[in-house]
2 protein chains.
Amino acid sequence: MADIIIKNAYILTMDPDTGDLKNGTVVIEDGRITEIGEKTSESAETVIDAKHSVVMPGLVNTHTHAAMTLFRGYADDLQLSDWLEGHIWPAEARLTAQDVYKGSLLACLEMIRSGTTSFADMYFHMDETAKAVEASGLRASLSHGLIELWNEEKGEADLKEGRRFVRAWQGAANGRIKTMYGPHAPNTCSEEFLAKVREEASRDGAGIHIHVLETEAELLAMKERYGKCSVHLLDDIGFFGPDVLAAHCVWLSDGDIEILRKRGVNVSHNAISNMKLASGIAPVHKMLEKGVNVSLGTDGCASNNNLDLFEEMKTAALLHKVNTFSPTALPARQVLEMGTVNGAKALDPETGMLKVGKKADLIILDMKKPHLTPCFDVPSHLVYSAKGSDVRTTIVNGKVLMDNYRVLVLDEQKVMEEAQKAAAELVSKVNA
Amino acid sequence: MADIIIKNAYILTMDPDTGDLKNGTVVIEDGRITEIGEKTSESAETVIDAKHSVVMPGLVNTHTHAAMTLFRGYADDLQLSDWLEGHIWPAEARLTAQDVYKGSLLACLEMIRSGTTSFADMYFHMDETAKAVEASGLRASLSHGLIELWNEEKGEADLKEGRRFVRAWQGAANGRIKTMYGPHAPNTCSEEFLAKVREEASRDGAGIHIHVLETEAELLAMKERYGKCSVHLLDDIGFFGPDVLAAHCVWLSDGDIEILRKRGVNVSHNAISNMKLASGIAPVHKMLEKGVNVSLGTDGCASNNNLDLFEEMKTAALLHKVNTFSPTALPARQVLEMGTVNGAKALDPETGMLKVGKKADLIILDMKKPHLTPCFDVPSHLVYSAKGSDVRTTIVNGKVLMDNYRVLVLDEQKVMEEAQKAAAELVSKVNA
């Protein structure tokens, strides 16, 4: 007997070998997909009738700072220095471990509601984010942020904590948690420190999550300091490889793109955050054309201000069309790949596709809504018309986290109230 | 006794004289707002408890083609010529009056659900769109599209139908329907025809809705034909005035912006459509700086692909930040003005603001949701975090169209089914 059968669904497998099934069945057992087809002879404890619905792989958010949900709408429409120095950093300086837990739990709740089944996070008090992931049932690749700032002592302390975290949580929560090293960025960590992190990561078999060329300021600072940009510096010290997740990558030259491709680096594109902070427009169209693995991230809620990857998919599709003056750039299926398979390639290749043997991370969208009517082409609707709020069911590792809009794993009211309270206290501390 | 009292609400009035009320009451009688304050001594038949909710003016969509909901997702990610000539025009050629009714009704349903209370439309079979507006309870400014194409006979016939429509529906549906003349664009109508339309509109006291400089192709064609751009041509023939609604205005020079300002022309900015069709980025920041009245439009569903003005607000705020490299461009309150008061100025200045004496077009958003938690700043949340699906209640002209997510004025399932059926038949006719 299987655990879950989903029937009568339009199945967007994202598997090029099988394509879509217009009316099919997915069978889940022991956390994995065991059958996909028109019908099944299996029976299961849980049978979900997905008539008028689409089943697809859960979305993968490859760059966020979950606990920053506490800063949602706290500081907007400001110059970068005022935003960071006047608001975000003072608030972060007062953030307690408990705050990080509450903010991360709120993020998990929001992701479950909007169809994200796994995410990559870099922040601090990361034990708390890991606990929130454990409690929520989501999948995540977590890293403790290492900000050396050319201070050897701080670098050592950060690296020690990063190492402890990597080892403490690797494979936890039934394998749902992976850990990575999280050196903040090439303009906040020295060359030597970055080389050391690379070494430790290789020894521990952990990936690396890093911000790369988010702003022009980083590009200029790197040229000034090293006479070369971040990508060239990282390549020269042997930092890159297919276990590296590089967030943003806005200010890339064609040569940089070639390096990222050659080294198999995974890029997380954060269209909304880059637009909101006016960082610039990443050359996503070029990267995809050259074969770089580009996935999608929301960044933290202070620069977005939500975690809805459906919004991120639409915005990315629109931005690169207008930026390249080509309405054929980033078509719907390609954007869906970025949101699913490409993200999975970066975080966990056993997810991101509905295929026998893959881990059962999937979502069900309710398509019988005015803004999804009529329906000619499901991929187009998922990218251009749907919202996170159309997700009715979220399943991770074969467990139902939300069923027909009801979150089963968290006390939703309590999570919201505690986050609201923590955020209010935090701001009153900043203002005190 | 009043008709409706909304209490315990955060009231975003958009009235600079009063500002926001953190916990207030709105009283509605005979279709108008009769009281706004902390409390009221009035009683009413309908009392809405808006705890944890925000009350704000309904959003105003200043450029759409409602019936094009039938083409939602029918043709995406194509070159403009293929999109228009290969898909949209062949489908439009087969569109019946009944189709326009069904598509328009679906659009009205979607707008009610996503918090839009009035819209400007230019299309054909406009009696049907007017009937849909009448049935749905929304407010609209409607025009029959006039596409002369330098064919005198066609111009005459179009103008005759446009004139008939203007006179037949002006002030209909209890004043909820206004009519306008709808000359398609300066590159699809001759100079003489545009001058004649201007004359007729002035005589009938009707406004004019026109596409202006949506594409670079229009700019180049105008320069070729007239040696000047659309804005200069229209100004030279005395076309402009505060009763003109110009959609898109992407390819404007600084001189064009000065003309639009001087003539008091209302501009409808369609960020998502301009991005999706790769038309370009309108100089919205400059227009606002110079004092041009810029509002927001979704355009038709074939180039968006939904009618959610919350998405449009966020996208406009993001696009102009990144395009001007300024994170302070288009701050949340200004974008809310574009979505409400600026749109109302273009279509009906008695709406767009919560103020005693104004028509009661307003919406209530449910703020107790994970993606709207915590809440420091309501305007920020409305622009950067909220979605159309957070609207729980929609009131137009003092009538409740949707109450707590339940649409009261239309049979939602029937509207969706009929639109789906009409769209499927239409496409099978195109493919036949």
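Reading the values: rules and limits
- Residues numbered from 1 in each chain as written.
- Chains lettered and ligands numbered in written order.
- Predicted model: local features only at pLDDT ≥ 70, side-chain atom pairs only at ≥ 80, totals over all residues.
- Heavy atoms only, no water.
- Buried < 20%, exposed > 50% of the residue type's maximum accessible area, 1.4 Å probe, protein only.
- Helix = DSSP H or I, 4+ residues; strand = E, 2+ residues; numbered from the N terminus.
- Pairing = 2+ DSSP bridges.
- UniProt positions renumbered as here; feature names shortened; annotations may be inferred.
- Salt bridge = Lys/Arg side-chain N within 4 Å of Asp/Glu carboxyl O.
- Axes fitted to C-alpha atoms, helices over the stretch in contact; angles between N-to-C directions.
- Contact = heavy atoms within 4.5 Å.
- Parallel < 35°, antiparallel > 145°, perpendicular 65-115°, else oblique.
- Left-handed = near helix turned anticlockwise from the far one by under 90°.
- Nonpolar A, V, L, I, M, F, W, Y, C, P; charged D, E, K, R; others polar.
- Buried area = accessible area lost by both parts, 1.4 Å probe.
- Polar contact = N/O pair within 3.5 Å; in protein donor to acceptor, adjacent residues only side chain to side chain.

Asker: Looking at this structure, I do not really get the pairing of strand S6 (residues 59-64) of chain B. What am I missing?
Answerer: The side chains of a regular strand alternate between both faces of the sheet. All names here are of chain B. The buried count for S6 comes to 6 of 6 residues, which makes it a mostly enclosed element. Note that S6 and strand S7 (residues 116-123) share 4 bridges and pair parallel. Across the sheet, the residue bridging to Val60 is Ser118, located in S7.

Asker: Please explain the UniProt feature "domain: Amidohydrolase-related" (unreviewed entry) in chain A as it appears in this structure.
Answerer: The residues that UniProt annotates with the feature "domain: Amidohydrolase-related" (unreviewed entry) are residues 54-400 of chain A. With 45% helix and 19% strand, residues 54-400 of chain A has its two end C-alpha atoms placed 16 Å apart.

Asker: Explain the pattern of salt bridges to me, please; I cannot follow it from the model alone.
Answerer: Any two side chains of opposite charge can pair, so long as their charged atoms come close to each other. If you walk through the whole model with that rule in mind, you get 62 salt bridges over all chains. Between Glu258 of chain A and Arg261 of chain A there is a salt bridge, with the nearest N and O atoms lying 2.7 Å from each other. Taken together, the residues Glu258 of chain A and Arg261 of chain A, both in helix H8 (residues 254-263) and 3 residues apart, mark about one turn of the helix. By relative accessible area, which is 35% here, Arg261 of chain A ends up partly exposed. Ionic pairing is found between Arg139 of chain B and Asp348 of chain B, a salt bridge with its closest N-O pair at 3.9 Å. Of this pair, Arg139 of chain B sits in strand S8 (residues 139-146) while Asp348 of chain B sits in the loop between helix H13 (341-347) and strand S14 (362-366), and the two are 209 residues apart along the sequence. We note that Arg139 of chain B, like Asp348 of chain B, is buried. Members of the salt-bridge network, linked through shared partners, are Arg32, Arg139, Asp348, Glu350, Lys359 and Asp361 of chain A.

Asker: Looking at this structure, I do not really get the sheet that holds strand S12 (residues 266-269) of chain B. What am I missing?
Answerer: Sheet strands pair by backbone hydrogen bonding; their relative direction is either parallel or antiparallel. Residues and elements named next belong to chain B. The sheet built from 8 strands is open, its strands ordered S6-S7-S8-S9-S10-S11-S12-S13 with parallel pairing. The sheet terminates laterally at S6 and strand S13 (293-296), the two strands that pair on one side only. Sheet twist, expressed as the average angle between the axes of neighbouring strands with direction ignored, equals 25°. Where helix H11 (residues 309-324) meets the sheet, its contacts fall on S6, S7, S12 and S13, and the angle it forms with S6 comes to roughly 80°.

Asker: What exactly am I supposed to notice about the packing of helix H2 (residues 97-114) of chain B against helix H15 (residues 412-431) of chain B here?
Answerer: Packed helix pairs are specified by the crossing angle of their axes together with the interaxial distance, meaning the distance between the axes. All names here are of chain B. Interhelical geometry of H2 versus H15 gives an angle of 135° and a closest axis separation of 9 Å. On the basis of the axis angle, H2 is oblique to H15. Handedness of the crossing formed by H2 with H15: left-handed. Only Glu412, Val415, Met416, Glu418, Ala419, Ala422 and Leu426 of H15 make contact with H2, whose side of the interface consists of Asp99, Lys102, Leu105, Leu106, Leu109 and Arg113. Considering only residue class, the contact of H2 with H15 consists of 8 nonpolar, no polar and 5 charged.

Asker: Quick question: what am I supposed to make of the interface of chain B and chain A here?
Answerer: Many authors give the size of an interface as the accessible area that is lost as the parts come together. With 66 residues of chain B at the contact, the number on the chain A side is 66 residues. When the two sides are added together, the surface that chain B and chain A hide from each other amounts to roughly 5,200 Å², 64% of it contributed by carbon and sulfur. Viewed at the interface, chain A and chain B are joined by 10 salt bridges. In this structure, the connection of chain B to chain A is made through 32 residue pairs in polar contact (both at pLDDT 80 or more). When residues of the side of chain B that touches chain A are traced back to their parent elements, those giving at least two are H2, helix H9 (271-276), H11, helix H14 (378-385) and H15 of chain B. Top contributing element to the side of chain B that touches chain A by residue count: H15 of chain B, with 8 residues. Classifying every residue of the side of chain B that touches chain A by side-chain character gives 31 nonpolar, 19 polar and 16 charged.

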